Amino acid sequence: HYPTEFYTALLNAEGNVTKLRQHITNAQKLGVQVNGPRINVSQLDFITRDQQIYFGFTAIKGIRRDFVADFLQERTANGPFKDLHDFINRLPSRWRKAELIQPLIYTGAFDGLGYNRAEMVNSLPDLLAGVELIGMLANFEDDPRLQSSISQRPEFSLTTRLAKENEYLGVY
């Protein structure tokens, strides 16, 4: 009677990737839409929103719970993230590391915020360096000339995107 809620609870209880994959397939067969993580929607665990399931951030392989807790607290306190630059800018400096942020990009957490995954992955080192530099020059943080930009480039191929989603989520 409530397949979305049922499968959300089931996915949260499942630790086995093979069974997780099977539950997602079964949910989709019943017409339930299952979405990857979204930076402005997802929580620690799988959630139901608008009759859709969203992956929780802790389902991403290698992601730290304390990292997720910090950026979720920031999102709750100061509202949705506008884009990747805004996300990095609002992170405590200890979390501004490519190896922590790349899995979020590769799993599509920032999809729909203005840039494709290839652009974000390619620009990440410059964005991190730019935010650190601006932090040292506090009086200039609003100067647009000092903002790191994300350069346009073609999106990763579908095969590459799916391979990365499978690598970090165990499903695609």
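My aim in this report is to walk through the structure given alongside it, one point at a time. (Residues numbered from 1 in each chain as written. Predicted model: local features only at pLDDT ≥ 70, side-chain atom pairs only at ≥ 80, totals over all residues. Heavy atoms only, no water.)

**Points about the sheet that holds strand β1 (residues 33-35)**
So, step 1. Strand order in the open sheet formed by three strands is β1-β3-β2, and the pairing between neighbours is mixed. The two strands at the open ends of the sheet, each matched to only one other strand, are β1 and β2 (47-49). Neighbour-to-neighbour, the strand axes of this sheet turn through a mean angle of 30°, independent of strand direction.
So, step 2. Judged from the three bridges that link them, β2 and strand β3 (residues 52-54) form a sheet pairing that is antiparallel. In the strand pairing of β3, Arg 49 is matched with Gln 52.
So, step 3. Strands in contact with helix α1 (residues 3-13) are β2 and β3; relative to β3, the strand with the most contacts, it is inclined by about 15°. (Pairing = 2+ DSSP bridges. Helix = DSSP H or I, 4+ residues; strand = E, 2+ residues; numbered from the N terminus. Axes fitted to C-alpha atoms, helices over the stretch in contact; angles between N-to-C directions. Contact = heavy atoms within 4.5 Å.)

**Considering the pattern of salt bridges**
So, step 1. According to the stated counting rule, one finds seven salt bridges in the structure shown.
So, step 2. Where Arg 64 meets Asp 66, a salt bridge forms, and the shortest distance between an N and an O atom there is 2.6 Å.
So, step 3. Overall, the relative accessible area of 32% leaves Asp 66 in the partly exposed class.
So, step 4. Among the salt bridges present, the one from Arg 94 reaches Asp 70, with a minimum N-O distance of 3.0 Å. Taken together, the residues span a long stretch of sequence, with Arg 94 in the loop between α4 (84-90) and α5 (98-106) and Asp 70 in helix α3 (residues 65-78) at a distance of 24 residues. (Salt bridge = Lys/Arg side-chain N within 4 Å of Asp/Glu carboxyl O. Buried < 20%, exposed > 50% of the residue type's maximum accessible area, 1.4 Å probe, protein only.)

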